[in-house]
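# Residue-level structure breakdown
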Amino acid sequence: MNPEALATLREHLLTALAAAPAETRRLFHGRGRCWPGLEQLTVDWLQGVVLVALFKEPEAAQLEALKQLLLAFTQSDAWAQSGAHTLLLQHRYLLQSTTEWLLGEEIDELTIVEGGLKYRVDLGRKQNTGLFLDMRYGRDWVRANAEGKRVLNLFAYTCGFSVAAIEGGATHVVNLDMSSPALSRGRDNHRLNGHDLGKVTFLGHDLFKSWGKVIGKGPYDLVIIDPPSFQKGSFLLTKDYQRVLRRLPELLAENGTVLACMNDPAFGADFLIDGVTREAPSLQFIERLENPPEFPDADIECGLKALVFKLQS
């Protein structure tokens with residue numbers, strides 16, 4: 001983060017907040033490697049809260065320069081006109097992802113809006129807020145394709161896909177995740193949107209020990225797979241994704257659809273396409289969803305991969 005890079009960041013933020021989004025959006029995505037010197041920095045707009053995240057420890061002088069730039073930015077006309085009131089700096093490279101409150105009162109939770117839907121997110125306490133903003137188009141796709149369908153949401157986290165599916169008219173959604181607190185937040189998200197929880201099931205289980213339970217609640221018209229790239233003791237992308245893919249034919253109803261996702265920059269879309277071809281050859285690749293424009297990437301294969309497959313009769 002040399003002075004030139006910081007000047008670039010300032011210009012991006014001034015432009016972004018001059019026409020502040022009405023909903024939650026990423027304002028700056030340095031991790032797409034489109035701006036030299038800013039590869040480990042992102043900035044998110046949480047409707048009045050500006051969250052700056054650092055993914056690699058900078059030199060002390062660089063960190064101080066960044067803080068000074070950000071604090072000066074809060075004195076700009078763009079900041080005032082946007083309605084921004086809180087500025088956070090999260091050190092994602094630290095074990096606890098320590099967050100500094102550079103401006104504004106500390107708050108633990110916040111309700112944000114995306115696509116007209118409400119989600120509860122955490123601030124300053126966890127590594128992730130609770131909603132991955134790069135999956136916006138994925139949630140839109142689920143919402144547009146869920147009507148009348150029974151949906152299985154694997155690695156559900158805080159149930160963003162589930163909220164989108166119920167809003168889109170799904171008859172039932174089964175959410176599975178090992179984290180009970182994440183699923184509890186998923187219930188909160190459904191309640192925020194006035195959804196009937198009788199249409200939603202929450203399973204706090206290890207998928208690989210619960211296949212019988214998951215299959216027993218099927219078959220499903222739509223299966224969503226959005227696993228972590230690595231989760232200690234529970235999921236390793238290179239080993240475990242194929243274990244999920246080979247069970248898909250058992251899970252799917254006739255002409256069922258799969259949305260398979262992956263966000264590891266080390267693997268391109270071919271990892272999933274080849275995996276499905278090998279492990280579940282009855283599924284045909286249909287399309288890859290675009291990523292939101294606020295997530296530019298120097299190499300599209302390093303960004304989010306969200307691929308649609310369909311079971312062939």
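Up top you'll find the structure we're talking about.
Residue positions are given per chain, counted from 1 along the sequence in the order it is written. Per-residue local features of the predicted model are confined to residues with pLDDT of at least 70, and side-chain atom pairs are confined, for both listing and counting, to 80 or more; whole-chain, interface and lining totals are unaffected and use all residues. The side-chain quantities take in all heavy atoms of the structure and omit both hydrogens and water.

This part takes up unusual backbone geometry. Cis peptide bonds are those with omega within 30 degrees of zero, and the linkage from Gly218 to Pro219 qualifies with 0°. Within the secondary structure, Pro219 is located in the loop between α7 (211-216) and β11 (220-225). A positive phi angle, near 60°, is found at Arg33, a position not held by glycine. In this structure, Arg33 sits in the loop between β1 (25-29) and β2 (41-45). With relative accessibility at 40%, the residue Arg33 sits in the partly exposed group. Of note, Asn255 is a non-glycine position whose phi angle comes to about 60°, a positive value. A helix here means a DSSP run of H or I that spans at least four residues, while a strand means a run of E at least two residues long, and both kinds are numbered starting from the N terminus. Looking at where Asn255 falls in the secondary structure, it is placed in strand β14 (residues 252-262). Accessible area is worked out with a 1.4 Å probe on protein chains only. A residue is then buried under 20% of its type maximum, exposed over 50%, and partly exposed in between.

Our focus in this paragraph is the pattern of salt bridges. Take a side-chain nitrogen of Lys or Arg and a carboxyl oxygen of Asp or Glu: if they are within 4 Å of each other, that pair is a salt bridge. Applying the stated rule across the entire model yields 22 salt bridges. Residue Glu114 pairs with Arg139 through a salt bridge whose shortest N-O separation is 2.8 Å. Here Glu114, found in strand β6 (residues 109-114), pairs with Arg139, found in helix α4 (residues 136-145); they are 25 residues apart in sequence, far enough to count as distant. In terms of burial, Glu114 and Arg139 fall into one category: buried. For Arg246, the salt bridge identified is with Glu279, shortest N-O distance 3.1 Å. Residue Arg246 is located in the loop between α8 (237-245) and α9 (248-251), and its partner Glu279 is located in helix α10 (residues 269-279); the two are separated by 33 residues in the primary sequence. Through salt bridges with shared partners, one network takes in Glu109, Arg120, Asp122, Arg125, Lys126, Arg185, Asp188 and Arg191.

Note on placement: Phe208 falls in the loop between β10 (200-203) and α7. With a relative accessible area of 16%, Phe208 lands in the buried category. Put simply, Phe208 and Val308 are 100 residues apart on the chain and 23 Å apart in space, counted from C-alpha to C-alpha.

So, on to the packing of aromatic side chains. Between 30 and 60 degrees the pair is tilted, below 30 it is stacked and above 60 it is edge-to-face, where a pair is any two Phe, Tyr or Trp rings, Trp via its six-membered ring, whose centres lie within 6.5 Å. Enumeration over the complete set of coordinates arrives at six aromatic pairs. Between Phe208 and Trp211, the ring centres sit 6.4 Å apart and the planes meet at 70°, which makes this aromatic pair edge-to-face. Note on accessibility: Phe208 and Trp211 belong to one class, buried. Here, a charge over a ring means that NZ of Lys or CZ of Arg falls within 6 Å of the ring centre while also lying within 35 degrees of the ring normal. Note that Arg187 overlies the ring of Phe202, its terminal NZ or CZ placed 4.5 Å from the centroid.

So, about the sheet that holds strand β9 (residues 172-176). With respect to topology, seven strands assemble into an open sheet ordered β10-β9-β8-β11-β14-β16-β15, the strand pairing being mixed. Single-partner strands in this sheet number two, and they are β10 and β15 (283-288). Taking the axes of each pair of neighbouring strands and ignoring which way they run, one obtains an average angle of 20° across the sheet. Strand pairing follows a simple DSSP-based rule, namely that at least 2 bridges must link the two strands. The pairing of strand β8 (residues 150-154) with β11 spans four bridges and is parallel. By the bridge assignment for β11, Asn153 is matched with Ile224. Along the sheet face, α4 touches β11, β14, β15 and β16 (305-311) and points at about 170° away from the line of β14. Angles here are taken between N-to-C directions and fall from 0 to 180 degrees, while the axes themselves are lines fitted to C-alpha atoms, restricted in helices to the stretch in contact. Any two residues whose heavy atoms approach within 4.5 Å at even a single point are treated as in contact.

Let's shift gears to the nonpolar core. One finds Val223 and Ile225 to be the most contacted residues of the largest nonpolar core, which totals 32 residues. If near-sequence neighbours (up to four positions away) are discounted, Ile225 is found in contact with Leu154, Phe155, Tyr241, Val244, Leu245, Leu248, Val258, Leu259, Ala260 and Cys261. Nonpolar cores are built from buried Ala, Val, Leu, Ile, Met, Phe, Trp, Tyr and Cys residues. Side-chain atoms within 4.5 Å join them into one set.

Moving on, we come to the pairing of β2. Burial of β2 is extensive: five of the five residues sit out of reach of the surface. When β1 meets β2, the two strands line up antiparallel, connected through four bridges. Along β2, the bridge assignment pairs Phe28 with Val43. Examined bridge by bridge, β2 and strand β3 (residues 49-54) share five bridges and lie antiparallel to one another.

Buried residues dominate β14, accounting for nine of its 11 residues. Relative to β14, β11 runs parallel, the two being bridged by five bridges. Across the sheet, residue Ile225 finds its bridge partner in β14, namely Ala260.

With respect to the helices and strands, Asp122 occurs in strand β7 (residues 117-122). Assessed through its relative accessible area of 6%, Asp122 is described here as buried. Contacts described as polar in this section are N or O atom pairs within 3.5 Å, which, within protein, must combine one atom able to donate a hydrogen with one able to accept it, while residues neighboring in sequence count only if both atoms come from side chains. There is a polar contact of 2.5 Å between the side chain of Asp122 and the side chain of Arg125. In this structure Asp122 touches Asp108, Glu109, Thr129 and Arg185, once residues within four positions along its chain are discounted.

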